[in-house]
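Summary of the model geometry
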Amino acid sequence: MNFYNFINLLRIESIKQENTINLIASENYSSLSTIIYSSSCYINKYTEGYPKNRYYSGCKIFDIFENKSIIESQLLFSSNFSNTQPHSGAQANFCAFQTLLKKNDKILSLDLKSGGHLTHGFKKNFSYKIFNIINYCLDKNNLINNYNIELLIKKEKPKLLILGYSSYQNLIDFKKLNKIAKKQNCYVLSDISHISGFICSGLIENPINNSDIVSSTTHKTLRGIKGGILLSNNKKIFNKINSSVFPGQQGGCISNNIIGKYISFKEANNFNFIKYTKQILINSKIMLKTFLYRGYISSIKNTINHMFLINLLNKCTLLIEKILEKNGILLNRNFFPNDIKSSKNPSAIRIGLSAITTRKFKNLEVELLSNYICDIIENYNNIFKNKVKILCKKFPIYI
Ligand code: DSN
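Let me begin by describing the structure that accompanies this report.

**A few points about the sheet that holds strand E10 (residues 228–232)**
- With mixed pairing, the 7 strands of this open sheet are ordered in space as E4-E10-E9-E8-E7-E5-E6. Either end of the sheet is taken by a strand with one partner, and the two such strands are strand E4 (81–83) and strand E6 (132–136). On average, each strand axis in the sheet is inclined to that of its neighbour by 20°, with strand direction left out of account.
- Here helix H3 (residues 60–77) sits on the sheet and contacts E4 and E10; the angle it forms with E4, its principal contact strand, is near 125°.
- The strands touched by helix H7 (residues 174–183) within the sheet are strand E7 (160–164) and strand E8 (187–191), with E8 carrying the most contacts at an inclination of about 155°.

**Remarks on the site of the ligand**
- Residues in close proximity to the ligand include Ser26, His117, Ser166, His194, Lys220 and Arg350, which together make up its full environment.
- Residue His194 places a side-chain N or O atom 2.9 Å away from an oxygen atom belonging to the ligand.
- A distance of 2.8 Å separates an oxygen atom of the ligand from a polar atom in the side chain of Arg350.
- Compared with its free state, where it exposes 230 Å², the ligand has 64% of that area covered by protein.

**Observations concerning H7**
- Buried within H7 we find Phe174, Leu177, Asn178, Ile180 and Ala181. Mapping the buried residues of H7 onto a view down its axis gives an arc of 160°, with all of them on the same face. Facing away from the buried side of H7, by more than 90 degrees, are the exposed residues Lys175, Lys179 and Lys183.
- As for H7, its buried residues are in contact with helix H6 (146–156), E7 and E8.

**With respect to the environment of Asn382**
- Mapped onto the fold, Asn382 is located in the loop between helix H14 (363–379) and helix H15 (385–394).
- Take Asn382: its relative accessible area is 39%, and that puts it in the partly exposed class.
- On a C-alpha basis, the gap between Asn382 and Leu319 in space is 12 Å, while along the polypeptide they are 63 residues apart.
- Leaving out residues up to four positions away in the same chain, Asn382 has contacts with Lys326 and Asn327.

**Comments concerning the state of the cysteines**
- The full count for this structure, using the stated rule, is 0 disulfides.
- Just so you know, Cys59 is unpaired, no disulfide at all, and the nearest cysteine sulfur is the one on Cys253, 8.6 Å from it.
- Since its relative accessible area comes to 5%, Cys59 is described here as buried.
- With no disulfide of its own, Cys95 lies closest to Cys253 among cysteine sulfurs, the gap being 12 Å.

**Quick notes on the pairing of strand E15 (residues 348–352)**
- Counting buried residues along E15, 5 of its 5 residues qualify, which places the element largely inside the surrounding structure.
- Of the two faces of E15, both are covered, the one formed by Ala348, Arg350 and Gly352 as well as the one formed by Ile349 and Ile351.
- Where strand E12 (residues 307–311) and E15 come together, 5 bridges link them in antiparallel fashion. By the bridge assignment for E15, Phe308 is matched with Ile351.
- Relative to E15, strand E14 (residues 332–334) runs antiparallel, the two sharing 3 bridges. The residue bridging Arg333 from the neighbouring strand is Ile349, located in E15.

**Some points on the pairing of E12**
- Of all the 5 residues making up E12, 5 are buried; the element is thus mostly covered by neighbouring parts of the structure.
- Taking every second residue as pointing to the same face, both faces of E12 are buried, with Met307, Leu309 and Asn311 on one and Phe308 and Ile310 on the other.
- The pairing of strand E11 (residues 297–298) with E12 spans 2 bridges and is antiparallel. By the bridge assignment for E12, Ser298 is matched with Ile310.

**Let's talk about the sheet that holds E12**
- Spatially, E11-E12-E15-E14 is the arrangement adopted by the 4 strands of the open sheet, whose pairing is antiparallel. Edge strands, defined here as strands with exactly one partner in the open sheet, are E11 and E14.
- Against the sheet, helix H11 (residues 271–293) touches E11, E12 and E15, its axis set at about 15° to E12.

**Comments concerning the nonpolar core**
- By size, the foremost hydrophobic cluster in this structure holds 73 residues, and its most contacted members are Ile21, Leu23, Leu161, Met287, Phe291, Ile351 and Leu369.
- In terms of residues, this core owes the most to one element, H11, which gives 8 residues.
- What Leu369 contacts, discounting residues up to four positions off in sequence, is Ile21, Leu23, Met287, Ile329, Ile356, Phe361 and Leu391.

**Overview of the packing of H3 against helix H10 (residues 255–268)**
- Running from N to C, H3 and H10 cross one another at 35°; their axes reach a closest spacing of 9 Å. You can see that H3 and H10 cross each other, and the crossing is left-handed. For the pair formed by H3 and H10, the contact residues are Phe62, Phe65, Glu66, Lys68, Ser69, Glu72, Ser73 and Leu76 on the first element and Ser255, Ile258, Ile259, Tyr262, Phe265, Lys266 and Ala268 on the second.
- In the contact of H3 with H10, the residues fall into 8 nonpolar, 3 polar and 4 charged.

Procedures and definitions
Residues numbered from 1 in each chain as written. Predicted model: local features only at pLDDT ≥ 70, side-chain atom pairs only at ≥ 80, totals over all residues. Heavy atoms only, no water. Pairing = 2+ DSSP bridges. Helix = DSSP H or I, 4+ residues; strand = E, 2+ residues; numbered from the N terminus. Axes fitted to C-alpha atoms, helices over the stretch in contact; angles between N-to-C directions. Contact = heavy atoms within 4.5 Å. Near = heavy atom within 4 Å. Polar contact = N/O pair within 3.5 Å; in protein donor to acceptor, adjacent residues only side chain to side chain. Areas by Shrake-Rupley, 256 points an atom, 1.4 Å probe, with all protein chains shown as cover. Buried < 20%, exposed > 50% of the residue type's maximum accessible area, 1.4 Å probe, protein only. Arc of directions from axis to C-beta. Disulfide = S-S within 2.5 Å. Core = buried A, V, L, I, M, F, W, Y, C linked by side-chain atoms within 4.5 Å. Left-handed = near helix turned anticlockwise from the far one by under 90°. Nonpolar A, V, L, I, M, F, W, Y, C, P; charged D, E, K, R; others polar.

So, in structure tokens, the structure goes:
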């Protein structure tokens, strides 16, 4: 591909991003600073190892950056120890498992159809292939039930309890569940990938003191560059985390990304970020309320984070996703609790509000957009294409 073709493709993608509304709950827009600082000459540099203990020469300057990313993330999550090297959330989880478990050890985690993540034990994932996975499901009210988890821990005696999700709308009682797990000598991994932005803003309880390890991605509600992170307050466990990340799972870290992580942690360590996450929550509640008002069903009638599920019952969610995309609205289809449909055409759509909140959508626009979406779902047409474009023009991402 020549340079002009490359620039042209980038231009097309960036225009698409500017002209579409992104409701994908696992996505967000990094700040321009994060993009610029992470696109440096460090793309060229291997930095295997840790600060002051590298396996390649020429890493002295990078030690400064990595140390800054570590300190900033510790401040952000009030943690004593942090490893900012995991390439992704999936790799962070792999390293956490490798730290705490041996092959075939038992893991108790939230079922995929109840909102769990692939790395928490999905059949085709490494987690299922290496460990013995037992799932807890949501109860009849579509909630995580502490008592059910307690019964399962007593019966199954897992070595690790995973708390965390890809789609769930209510709080997790980290404190209580950690206490239950500890009584049975069970480790706790809190995967806060989706809610880390709310946790560092103090809007959701920080599980750092009620977990052996906390894992997260850095690009969802946290709004940073794509990547992973591992935190712990236990020094012994943390030393194992470090060797589990390198050389246990990864070689050199993605040096330029570590700098991007540092910039975004710094941005999140700011009063404006608290205001931002508060607005995500307001927007999320408004959109859910509008859907409920229009007669739609969610897994529960509230949300405490950036996302919620809407059950489209007999409608084809694959088709709805495509029609919404034709109108310039992006989201993903998703299992609804106890779904009997396939993963290709599950019953629900998942809606996330972080990205549009980054664009500064507030109450009025969110309500307007919610009604557009309901109309599109009900009428299967693309008459909102221009209205969506107008909304996008009013709320640019980067200008
Ligand atoms: N699929 C993403 C999520 O929504 O959790 C991350 O893998």
